[in-house]
Amino acid sequence: GAAARPDGRGCPDRIDPAQGPDPNLIGYTADGVIHIFNLATGVDEQVVEGETPAFSPDGNQLAFSRGQSVWVYDLNEKQESLLFTWNLDSADERMWLNSLDWSPDGSKISYVKVIYSKKDGGKIETVGYLDPIHKTQFQLEEGSFIWQATWSPDGRLLTYVRNPVWENAELVISDPSNECIV
C-alpha cells in the first residue's frame, strides 16, 4: 500500500502505478516523487521528481511528467533528459498529463493531456503521442476522454475511450501513422 503523506493526511494525491517488462519492478508516484519498488527484493528506490511513470519496452528508460513537460529518465545512466514541453496560454491555466504509454517498439509515447482553466472552469482534453527520437508531438484528437490510451501489441494502433458517458461512450481505434480513426 501507499505510505502516509508527511502531513499525516493518508495516501498521496496520485499513485500512477506502472509495471515494466521486468514483472518484479513497479513504478509509482508518491507526493511528486517517482519510486521503483522491486517485488523480489522488497527494495523501494526514489528515482526522480515527477508523475505518471511509464517504462520503455526494454525497461532501460522511464518516461514521466513534471509540470508541463515529459521527461525520459535513463535507469542505467541515472540521468534525465527533456523530451517535450507544452506552453499554456495564460497564468489561469493548469495542465495534467495522464496515461503515458510507450509503443511496443519504443518509437512513440502516447498521452492524454488535460488543460484546466481556473478562470472559467472549462477544460480541454487531447490525446496524442510524442516521438522520443525527434522530440516532436502529434495531437490526434481533442474532446473528452477516459484517461487511458493504450497501444496495440504491434504498436500500429492506439485505442482510447471518447465521450465517457454511458450512452455516448465510443471505443476509438486509431492508426496514427495513417491519420485514420475507426
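Before any of the text, the structure's been laid out above.
Here's what I pulled together on the structure shown here. (Residues numbered from 1 in each chain as written. Predicted model: local features only at pLDDT ≥ 70, side-chain atom pairs only at ≥ 80, totals over all residues. Heavy atoms only, no water.)

### Structural notes on the packing of aromatic side chains
The way to describe two aromatic rings as a pair is by their centre distance and the angle between their planes. We count it as follows: Aromatic rings from Phe, Tyr and Trp, with only the six-membered ring used for Trp, were paired whenever their centres fell within 6.5 Å, and each pair was classed as stacked if the ring planes differed by under 30 degrees, edge-to-face if by over 60, and tilted otherwise. Here's how the labels work: a residue is buried when its accessible area is under 20% of the maximum for its type, exposed when over 50%, partly exposed in between, all with a 1.4 Å probe on protein chains only.
If you walk through the whole model with that rule in mind, you get 5 aromatic pairs. Relative to tryptophan 86, the ring of phenylalanine 84 lies with its centre 4.9 Å away and its plane at 70 degrees, an arrangement referred to as edge-to-face. Residue classification places phenylalanine 84 among the buried positions, given a relative accessible area of 18%. When the ring of tryptophan 96 is compared with that of tyrosine 116, the centres are 6.4 Å apart and the planes differ by 55 degrees; the resulting orientation is tilted.

### Examining the sheet that holds strand 3 (residues 33–38)
What counts is decided by this rule: By the convention used here, strands pair only if DSSP detects at least 2 bridges between them. The numbering of helices and of strands both runs from the N terminus, where a helix is a DSSP run of H or I of at least 4 residues and a strand a run of E of at least 2.
Ordered by their spatial adjacency, 4 strands build an open sheet running 1-2-3-4, and the pairing between neighbours is antiparallel. This sheet does not close on itself; its edge strands, each paired only once, are strand 1 (18–19) and strand 4 (44–49). Two elements, strand 1 and strand 2 (residues 25–30), share 2 bridges in a ladder whose sense is antiparallel. By the bridge assignment, alanine 18 is partnered in strand 2 with glycine 27.

### Re the side chain of serine 174
Short version of the rule: Should any heavy atoms of two residues lie within 4.5 Å, those residues are counted as being in contact.
Inspection of the secondary structure assignment puts serine 174 in strand 15 (residues 170–175). When its relative accessible area of 2% is taken as the criterion, serine 174 is described as buried. Apart from the residues within four sequence positions on either side, serine 174 is in contact with Leu140, Arg156, Leu157, Leu158, Tyr160, Cys180 and Ile181.

### Examining the pairing of strand 10 (residues 109–117)
Extensive coverage of strand 10 is indicated by the burial of 8 of its 9 residues. Pairing of strand 9 (residues 93–102) with strand 10, which is carried by 8 bridges, proceeds in the antiparallel orientation. Considered in strand 10, the bridge of leucine 97 is made with lysine 113. Connecting strand 9 to the next strand, strand 10, in antiparallel fashion are 6 residues, including glycine 106 with a positive phi near 80 degrees. Summarising the sheet, strand 10 and strand 11 (residues 123–131) pair through 8 bridges and their orientation is antiparallel. When the sheet's bridge partners are listed, tyrosine 116 is paired in strand 11 with lysine 123. Joining the antiparallel neighbours strand 10 and strand 11 is a turn of 5 residues, in which glycine 121 adopts a positive phi near 75 degrees.

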